[in-house]
Amino acid sequence: MKMLLVRKFRLLILMVFLVACTMHIMIDLLPRLERRGAEGRPACSCPPPAAAAAPPPRAAPRWPSKHTLRILQDFSAEPASNLSSQSREAAEKAADGGGPAAAARPRRLIAPGAPRPPPPGSSTAAAAAPLAALFQHPLYRAALPPLADGDLLFNVNSDIRFNPRAAEQPEWQNEDNEEFLPTGETSIDSYPNWLKFHIGINRYELYSRHNPAIEALLQDLVSQKITSVAMKSGGTQLKLIMTFQNYGQALFKPMKQTREQETPPDFFYFSDYERHNAEIAAFHLDILDFRRVPPVAGRLVNMTREIRDVTRDKKLWRTFFISPANNICFYGECSYYCSTEHALCGKPDQIEGSLAAFLPDLSLAKRKTWRNPWRRSYHKRKKAEWEVDPDYCEEVKQTPPYDSGTRILDIMDMTVFDFLMGNMDRHHYETFEKFGNETFIIHLDNGRGFGKYSHDELSILVPLNQCCRIRKSTYLRLQLLAKEEYKLSLLMKESLLKDKIAPILYQPHLEAMDRRLRIVLKAVSDCIEKDGYDNVVENDFNTDVNTVATER
């Protein structure tokens with residue numbers, strides 16, 4: 001009798017297991033069946049407005065609505081989807097025409113539209129366009145050293161052959177034997193703009209000062225059709241990889257905070273939000289002439305049509321839901337802030353974000369990751385060695401690669417760059433492996449900058465204060481940007497107005513950059529007074545440029 005009961009129990013367990021497996025298989029097959037029957041079926045049964053013609057039927061989402069709290073509404077088919085009463089465009093339109101929307105704007109933001117520039121021959125042209133005047137200054141017209149074949153990341157006249165889809169998506173299988181040839185056999189004008197950006201990278205810069213391909217690439221980032229979206233793995237906060245119709249790719253960081261919100265004073269630097277507008281502003285801060293930040297542009301994304309409906313990432317798709325305010329939301333998967341409580345919500349399905357152009361794939365151009373010598377402890381109580389040892393820089397300067405070449409000066413440039421933004425999160429940096437140690441540092445991941453405009457984090461300047469070294473070109477440009485006619489905040493304001501989702505920075509952030517610039521110059525001045533000009537300022541360009549720049 002006992003054996004019979006044991007056998008019946010085992011049989012019951014086996015049947016439960018088989019039923020569970022069957023249900024699991026059916027759940028996996030259901031999305032494919034859903035997709036097959038999706039064509040021709042409208043996504044919304046709501047009748048169209050009486051005055052408008054009925055819209056064409058839309059395909060249903062890729063995966064069934066069983067993964068969401070309730071059926072997702074397709075706001076993209078509604079007239080108010082792209083221009084809602086809560087969107088930036090509607091607010092600006094109402095503000096231009098007066099009314100309550102214009103009267104209810106207490107924020108001190110940069111004006112969304114720049115005034116019309118005066119004619120080129122007018123006497124006020126220089127004053128109205130400080131950015132153009134800046135780029136005419138000798139400091140911003142100095143030529144690079146002649147480039148040899150070894151100074152180029154890609155040799156256009158070589159036999160390198162690759163397809164853009166294979167370059168950006170290693171798992172892609174080339175079924176049609178299509179090839180892109182960055183060789184002399186085809187005109188470079190026929191390449192997509194992201195490829196022009198890649199083949200323009202050299203030992204000294206990511207892109208040249210006035211490369212037309214960069215402006216075209218920025219336009220692509222905000223206008224190219226998004227064909228697929230996936231979550232970036234391994235991140236502490238949610239980031240999406242977006243692929244475009246021309247096979248280019250970009251990293252999308254969605255908006256998490258409004259522009260006027262400061263980082264809470266009780267937040268540690270390692271738990272701060274990553275801000276989309278900080279990524280955009282960091283690219284424009286290359287006014288300092290570093291040209292080490294990959295191109296970044298802001299974009300207003302339709303979460304329904306441009307994320308949910310095109311993603312093949314089931315984990316991402318399952319996190320979409322509709323909020324009590326009837327807005328489309330999602331939260332994805334990451335270490336921090338990926339939960340229903342920290343969901344990213346559109347209005348109703350529009351969301352801002354930054355799109356940073358991808359660097360060349362690692363299979364084509366390997367990059368080396370370096371630990372920042374002045375890396376923070378990333379601990380609530382512990383301090384890093386540099387925070388307790390005032391002579392820490394002397395130890396660093398005896399350690400490769402900082403004991404020779406220009407790497408220590410690159411660290412000083414990065415220090416100035418981060419201090420102007422208030423970015424404390426620079427734990428590692430990257431360089432292109434092909435160029436060895438004689439190349440620039442790539443300024444990646446700037447999302448934790450511009451968090452506080454009312455506080456200057458002086459600990460970011462410790463590398464400069466300890467080492468007392470700076471490039472002469474950097475020092476002269478900082479002095480130039482401190483002058484009234486080339487004021488950094490005015491130049492940034494003008495440059496940021498070019499972005500599609502301007503205003504980018506809250507006005508106090510611009511004013512904070514001017515204040516921090518004066519602090520940097522004071523730190524360099526103190527070093528010069530202590531150690532002497534020649535021991536602090538490293539001359540990195542020829543005498544002719546130096547003489548003209550100093551006289552102006």
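Residues numbered from 1 in each chain as written. Predicted model: local features only at pLDDT ≥ 70, side-chain atom pairs only at ≥ 80, totals over all residues. Heavy atoms only, no water.

(A) Here's a closer look at the sheet that holds strand E2 (residues 240-244). One open sheet holds the five strands; their spatial order is E1-E2-E3-E8-E4, and the pairing between them is antiparallel. Lying at the two open borders of the sheet, with one neighbouring strand each, are strand E1 (226-231) and strand E4 (296-302). Adjacent strand axes in the sheet meet at a mean angle of 35 degrees, parallel and antiparallel pairs treated alike. Pairing of E1 with E2 involves five bridges; the strand directions are antiparallel. Each residue of the ladder has a partner; that of Val229, found in E2, is Met242. (Pairing = 2+ DSSP bridges. Helix = DSSP H or I, 4+ residues; strand = E, 2+ residues; numbered from the N terminus. Axes fitted to C-alpha atoms, helices over the stretch in contact; angles between N-to-C directions.)

(B) The arrangement of the UniProt feature "binding site: Mn(2+)" (unreviewed entry) in the protein chain in detail. UniProt marks Glu274 and Asp445 with the feature "binding site: Mn(2+)" (unreviewed entry), using the numbering shown here. Spanning 172 residues, the annotated positions come together in the fold, the maximum distance between their C-alpha atoms being 8.9 Å. Relative to the assigned elements, Glu274 resides in the loop between strand E3 (249-254) and helix H9 (276-284). Residues contacting Glu274, with those up to four places away along its chain left out, are Thr236, Gln237, Lys239, Lys253, Lys256, Gly447 and Arg448. Relative to the helices and strands, Asp445 resides in the loop between strand E10 (428-432) and helix H15 (462-467). Contact partners of Asp445, with chain neighbours within four places excluded, come to Lys239, Lys253, Glu279, Asn423 and Arg426. (UniProt positions renumbered as here; feature names shortened; annotations may be inferred. Contact = heavy atoms within 4.5 Å.)

(C) Main features of the packing of aromatic side chains. For the structure on display, the rule yields 13 aromatic pairs. Centroid distance Phe321 to Tyr331: 6.3 Å. Interplanar angle 50 degrees. Geometry classified as tilted. Placement of Phe321 in strand E5 (residues 321-322) and of Tyr331 in the loop between strand E6 (328-330) and strand E7 (344-345) is noted, with a sequence separation of ten residues between them. With a relative accessible area of 11%, Phe321 lands in the buried category. Ring centres of Trp374 and Tyr392 lie 5.6 Å apart, and the angle between their planes is 80 degrees; on these two criteria the pair is classed as edge-to-face. (Phe/Tyr/Trp six-rings, centres within 6.5 Å; stacked < 30°, edge-to-face > 60°. Buried < 20%, exposed > 50% of the residue type's maximum accessible area, 1.4 Å probe, protein only.)

(D) The confidence of the model for the protein chain, seen in detail. Per-chain confidence: the protein chain averages 80 in pLDDT, with 74% of residues scoring 70 or above. Contacts from residues 38-126, a stretch scored under 50 in pLDDT, to residues over four places away or in other chains number 129 contacts. Within the model, pLDDT remains below 50 along residues 170-181, and this stretch shows 19 contacts once partners closer than five positions in the same chain are excluded. (pLDDT = per-residue confidence, 0-100.)

(E) Just empty space enclosed by the protein, in detail. The final tally for this structure, using the stated rule, is three cavities of 30 Å³ or more. Of the pockets and cavities examined, the largest cavity occupies roughly 180 Å³. Contributing to the lining of the largest cavity are 18 residues, with Asn372, Trp374, Asp418, Arg426 and Ile460 lying nearest its centre. Ranked by residues supplied to the lining of the largest cavity, first place goes to helix H14 (residues 407-421) with four residues. Looking at the lining of the largest cavity, its residues break down into eight nonpolar, five polar and five charged. Of the voids in this model, the second largest cavity is the one considered here, and its volume is about 70 Å³. Around the second largest cavity, the lining residues are Trp194, Leu217, Asp220, Leu221, Phe244, Asn246, Gly248, Gln249 and Ala357. Counting residues per element, the lining of the second largest cavity draws most heavily on helix H8 (residues 212-223), at three residues. Tallied by class, the residues present in the lining of the second largest cavity amount to five nonpolar, three polar and one charged. (1 Å grid on protein atoms, 1.4 Å probe; cavity = no way out; pocket = protein on both sides within 12 Å on 5 of 7 lines; lining within 4 Å. Points joined across faces, edges and corners; volume = space filled by probe spheres on them. Nonpolar A, V, L, I, M, F, W, Y, C, P; charged D, E, K, R; others polar.)

(F) Inspection of helix H17 (residues 488-496) at higher detail. Of the positions making up H17, those classed as buried are Leu488, Ser489, Leu491, Met492, Ser495 and Leu496. Across the axial projection of H17, the buried residues extend over an arc of 160 degrees, all falling on one side. Structurally, H17 contributes buried residues whose contacts are with helix H5 (130-135), H9, H14, helix H16 (472-481) and helix H18 (507-531). (Arc of directions from axis to C-beta.)

(G) Structural context of the state of the cysteines. As enumerated under the stated definition, the model contains four disulfides in all. Across a sulfur-sulfur distance of 2.0 Å, Cys329 and Cys345 are joined as a disulfide pair. Disulfide Cys329-Cys345: torsion about the S-S bond near 110 degrees, hence right-handed. Of this pair, Cys329 sits in strand E6 while Cys345 sits in strand E7, and the two are 16 residues apart along the sequence. What makes Cys329 buried here is its relative accessible area of 0%. Covalent S-S linkage joins Cys468 and Cys527, the inter-sulfur distance amounting to 2.1 Å. With the S-S bond torsion at -70 degrees, the cross-link from Cys468 to Cys527 turns out left-handed. (Disulfide = S-S within 2.5 Å.)

(H) Layout of the sheet that holds E6. On the basis of which strands lie adjacent, the open sheet formed by three strands has the order E5-E6-E7 and antiparallel pairing. The open sheet has two edge strands, E5 and E7, and neither has a second partner. Sheet topology places E5 next to E6; two bridges connect them, and they run antiparallel. Paired with Phe321 across the strands is Cys329, a residue of E6.

(I) Seen up close, the nonpolar core. One finds Ile307, Trp374, Phe432 and Met492 to be the most contacted residues of the largest nonpolar core, which totals 114 residues. Top element by residues in this core is H14. It accounts for ten residues. (Core = buried A, V, L, I, M, F, W, Y, C linked by side-chain atoms within 4.5 Å.)

(J) Representation of the side chain of Thr263 in the model. Tracing the backbone through its elements, the reader meets Thr263 in the loop between E3 and H9. Taking relative accessible area as the criterion, Thr263 reaches 8% and is therefore assigned buried. Looking at Thr263, its side chain comes within polar contact range of the side chain of Arg275, at 3.4 Å. In this view, Thr263 contacts Asp272, Arg275, Gly451 and Lys452; residues no more than four positions away in its chain are not counted. (Polar contact = N/O pair within 3.5 Å; in protein donor to acceptor, adjacent residues only side chain to side chain.)

(K) Region of the structure containing the environment of Thr406. Its place among the elements puts Thr406 in the loop between helix H13 (392-396) and H14. Residues contacting Thr406, with those up to four places away along its chain left out, are Glu438 and Arg471.

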